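A look at the structure
Listed below are the residues making up each chain.
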Amino acid sequence: MNIRAHATATANRPAQRGPRALRKRSRLMDMARPVDMATPPRLHAHGDLSLWPMFAQLCPSYAARVSRRQWMSAVSRLKVFALVIVLGAATGWTSSCGIGAAGSPVCTPAAGKLPGEGGPRLATSDGFAAHAEPALAVDPHHPRSLLGAAQFARPGSFIRVPGTFFSADGGRTWHDNGPLPLPPGYAEGDDVSAAFAGGTGLVAAEIYPASGRGGGVYVWRTRDAGRRFSAPVPAFLVRHGGANTDHPSLAVATGPDGRPVITVAWAQGDSLLFSRSTDGAQTFSPARVISAPRDQHPDLAVAAPGPGQAVSVAYAAQSANGGTVVKVATSGNAGQTFGAPVTVPGAPAAAGPQSYEVSLIAAGADPRHGTLYVAFAQQAGQGGSLRVVVTHSTATGGWTAPAEVHPVAADPGSSQFQPALTVTPAGQAYVTYFVASSGRVAPLLTEVGGQARTQTLGAPFDSGCGLTAGVKTIPWLGDYQALTSSAGHLYAAWNDGGTGTLQILVRAVDTGR
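Residues numbered from 1 in each chain as written. Predicted model: local features only at pLDDT ≥ 70, side-chain atom pairs only at ≥ 80, totals over all residues. Heavy atoms only, no water.

**Topic: the overall build of the chain**
If you tally the helices and strands in the chain, you get six helices and 29 strands. Residues counted as buried form 57% of the 513 residues belonging to the chain. Sequence separation of 24 or more characterises 55% of the internal contacts of the chain that already satisfy a separation of 6 or more. Accessible area of the chain: about 19800 Å², with a carbon and sulfur share of 55%. (Helix = DSSP H or I, 4+ residues; strand = E, 2+ residues; numbered from the N terminus. Buried < 20%, exposed > 50% of the residue type's maximum accessible area, 1.4 Å probe, protein only. Contact = heavy atoms within 4.5 Å. Areas by Shrake-Rupley, 256 points an atom, 1.4 Å probe, with all protein chains shown as cover.)

And the structure:
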C-alpha cells in the first residue's frame, strides 16, 4: 500500500482540529487513502432552509457537522444532495444517510444472550454509543486483577474519549468505569494502551483539547486495581502547530536497580518517539527518536517488554518501493539507548476487500529468552483477502519467514485481520484475530507453533453492527484488539457487535500451563 499521499497531506495540514474522528488517523488504512472525506465539504452561495428538517432526518450524522448557516450558504438544494450522493458513492462516507454506494449497513443483532460459564463476558455496560479498540493488562503480582481500556464513543456526536473497565476475579465479572478524567479544557482522545508496574495500573492515550490546539500523549495511574484513577500526566505535549501524535504503546521493563521502568512509544510526523519514567509515571523523560533516519512515515508503535531490561518497539514504515515494512528497535538497558532498527520479513497489508478489514501489527517477547514475535495480516487469499502471519527472531539474529497462523483452505475467500499477540510466562505465543466471511465476523485464538490449536472465542456477529458515524470507514470495527496472559491463563478482549452496538467482550482461556 502506498502511504506517501497520506503522509504528504498530513504534513501540510494545519494544527487546527475538530473532533478527533474528523482529523488524521494514522493507520495503515489512512496511508492507503489519498482522499479524506471525514470532514464535510464547505457549501457556498444561497440555499433553502425549508428543507433543513428533511435533510437532518435523512442524514443525521452529516447534519450534526453542517450548521444551518452552512446550509443557507449552499448553492442550491440540488447541489447539496448531489454533493451528498456523489461524495458518498465515492467514499462510503454517507452510509449513515442510507444512500452510500453499497447501501446503508444493516445491523442484525445476534439472537440470544451472551454465553454463560466459560464464554465471553461483557466488560462495558453504559450509555455510550459504542466502544472500540480495547487494551488489556493483568497484574503480575495479583493475576486475578485485570485492567482494561478502550475508546468510548459519545451518543449523538460520536466523539471518542478514553475509558476503562476492570475485573477483580480473573475476568468472571467486569466493572465499567466510564471515561477517564481529562485535564481542564480537553474534550476527546483515543488509541489506548494498558500495563502494570508493580501494583500500579497504567493507561496511556492520546488526548486533545476542545480548542483543537495542542494535545499529546498522557498516562493515568490507578493504585486500587482500576477503581479510581489519578489525573493524567503528560508524557509528551504537542507544540503549537505540531503534527498529531498517534498510537501510543506502553511497556514496563526492569531497570538496573530492579525497579520498574515505564516506557511509552508513539509516532509524530516523520518520527517514532520514545519516553521513559523511573518514578512510577509521575514524570517522563524528554522524547527522543528511535526510528531510523531514513525511515519514511514510521507509525503504529507496539512496545514489547522483556526479558529483564529489554524493551522492543515494532512499527510500520514506508518501504523504498512504496509498500509497507515492519521494523523493530530494541533496547537492552530499559530504554536508555536503542540499537538500529531491523527490518522484519513480510509485507503487511493495509486492509482486505471489505472496508472494515483494517489491520495493524502486533508484537510480544518471550519473557524467558527474549525471542520476539511479530504478527500482521498480509494479502494471500482469494480476491485480495487477508491472512494473519507470524514471524519471530532467531538465536542467530535473523527472523523466520512469515507463516500463516491458521490456514483456511475450506474458506479461501475469508479474511483474517487485526491480530493481537501475547507470549505466556512459559514461553508459548498465542494470537487472536478476526475472521470475516459472508458478512459475519468471528474472533479466533490460535496457538503459535507446536500443535497450532485454534478455537473460536465468541459467536460470529454482523459486520454491519460496527460504528457508522464519526469514522472514516463504514462500518468501523476498530483497528486493533487485545490479548494478554498470566501463568496458565489467556485474556482476550475485542469489540463485538452482537448486541447491535460495539461493546467490549473479554474471554478468559485456561492454557493448562
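**Notes on the sheet that holds strand E3 (residues 142–153)**
Reading across from one edge, E2-E3-E4-E5 is the order of the four strands in this open sheet, with antiparallel pairing throughout. Across the chains shown, the open sheet's two edge strands, defined by having one partner strand only, are strand E2 (130–139) and strand E5 (175–179). Sheet twist, expressed as the average angle between the axes of neighbouring strands with direction ignored, equals 20°. One ladder, built from eight bridges, connects E3 with strand E4 (residues 160–167); its direction is antiparallel. Counterpart to Gly-148 in the pairing with E4 is Phe-165. (Pairing = 2+ DSSP bridges. Axes fitted to C-alpha atoms, helices over the stretch in contact; angles between N-to-C directions.)

**Considering the pattern of salt bridges**
By the definition in use, this model includes five salt bridges. Notably, a salt bridge pairs Asp-224 with Arg-228, separated by 2.7 Å at the nearest N-O pair. Assessed through its relative accessible area of 17%, Asp-224 is described here as buried. (Salt bridge = Lys/Arg side-chain N within 4 Å of Asp/Glu carboxyl O.)

**Some remarks on the side chain of Gln-268**
As for its position among the elements, Gln-268 is in strand E11 (residues 260–268). Here Ala-243 takes part through its backbone oxygen, which lies 3.0 Å from a polar atom of the side chain of Gln-268. (Polar contact = N/O pair within 3.5 Å; in protein donor to acceptor, adjacent residues only side chain to side chain.)

**Brief notes about the state of the cysteines**
Per the stated rule, a full pass over the model turns up one disulfide. One disulfide bridge connects Cys-107 with Cys-465, the sulfur atoms lying 2.0 Å from each other. Looking down the S-S bond of the Cys-107 and Cys-465 bridge, the torsion is 90°, so its handedness is right-handed. Of the two residues, Cys-107 is situated in the loop between helix H6 (77–91) and strand E1 (121–122) and Cys-465 in the loop between strand E26 (461–462) and strand E27 (482–486); the sequence distance between them amounts to 358 residues. (Disulfide = S-S within 2.5 Å.)

**Here we look at the pairing of strand E23 (residues 429–437)**
Counting buried positions along E23 gives eight out of nine residues, so the element sits mostly inside the fold. Alignment of strand E22 (residues 415–423) against E23, held across seven bridges, turns out to be antiparallel. Bridge pairing in E23 links Val-423 to Ala-429. Turn length for the E23-strand E24 (residues 440–447) hairpin, with the two strands adjacent in sequence and antiparallel, is two residues, and the turn residue Ser-438 shows positive phi of about 55°.

**Here we look at the environment of Ala-426**
Mapped onto the elements, Ala-426 comes out in the loop between E22 and E23. As for Ala-426 and Arg-513, which are separated by 87 residues in sequence, their C-alpha atoms are 7.2 Å apart.

**Describing the environment of Thr-164**
Within the secondary structure layout, Thr-164 lies in strand E4. Among the residues examined, Thr-164 registers a relative accessible area of 1% and is labelled buried. Spatially, the C-alpha atoms of Thr-164 and Asn-177 are 5.5 Å apart, while their sequence positions differ by 13 residues.

**Some remarks on the packing of aromatic side chains**
All chains considered together, the criterion is met by eight aromatic pairs. Between Phe-274 and Phe-338 the ring centres are 4.8 Å apart and the planes differ by 70°, which places this aromatic pair in the edge-to-face class. With Phe-274 in strand E12 (residues 271–277) and Phe-338 in the loop between strand E16 (324–331) and strand E17 (342–344), the pair connects residues that are 64 residues apart, well separated along the chain. Taken together, the ring pairs connect Tyr-356, Phe-417, Phe-434 and Phe-461 into an aromatic cluster. Directly above the aromatic system of Trp-476 lies the positively charged group of Arg-160, at a separation of 4.9 Å from the ring centroid. (Phe/Tyr/Trp six-rings, centres within 6.5 Å; stacked < 30°, edge-to-face > 60°. Lys NZ or Arg CZ within 6 Å of the ring centre and 35° of its normal.)

**A short note on the nonpolar core**
Formed by 28 residues in total, the largest nonpolar core has its most connected members in Phe-417 and Val-441. Of all the elements in the fold, those that place two or more residues in this core are E2, E22, E23, E24, strand E28 (489–496) and strand E29 (503–510). Core analysis: the next-biggest nonpolar cluster, separate from the first, contains 19 residues, Ala-149, Leu-180, Phe-196 and Tyr-218 among them. (Core = buried A, V, L, I, M, F, W, Y, C linked by side-chain atoms within 4.5 Å.)

**With respect to the sheet that holds E27**
Judged by pairing direction, the sheet is antiparallel, and its four strands sit side by side in the order E1-E29-E28-E27 without closing on themselves. Of all the strands in the sheet, the pair left with one neighbour each is E1 and E27. As defined by bridge partners, E27 adjoins E28 across five bridges and the pair is classed as antiparallel. Across the sheet, Ala-482 pairs through a bridge with Ala-493, a residue of E28.

**Considerations on unusual backbone geometry**
The linkage connecting Gly-306 with the following residue, Pro-307, adopts the cis geometry, with an omega of -5°. Tracing the chain through its elements places Pro-307 in the loop between strand E14 (296–305) and strand E15 (311–318). The phi torsion at Ser-438 lies on the positive side, around 55°, for a residue other than glycine. Examined against the element boundaries, Ser-438 turns out to sit in the loop between E23 and E24. Looking at Ser-438, the relative accessible area reads 75%, which means it is exposed.

**Digging into the confidence of the model for the chain**
Here the chain shows a mean pLDDT of 82. Residues at 70 or above account for 77%. Note on residues 1–26: pLDDT is under 50 here. Beyond four places in sequence and across chains, it has 83 contacts. This stretch, residues 29–103, has a pLDDT under 50; its non-local contacts, to residues over four places away or in other chains, come to 118 contacts. (pLDDT = per-residue confidence, 0-100.)

**Quick notes on the pairing of E11**
Here E11 lies mainly inside the structure; eight of its nine residues are buried. Pairing of strand E10 (residues 245–254) with E11 involves eight bridges; the strand directions are antiparallel. Paired with Thr-254 across the strands is Pro-260, a residue of E11. The hairpin formed by E10 and E11 contains five residues between the paired strands, and Gly-258 there has a positive phi angle of roughly 85°.

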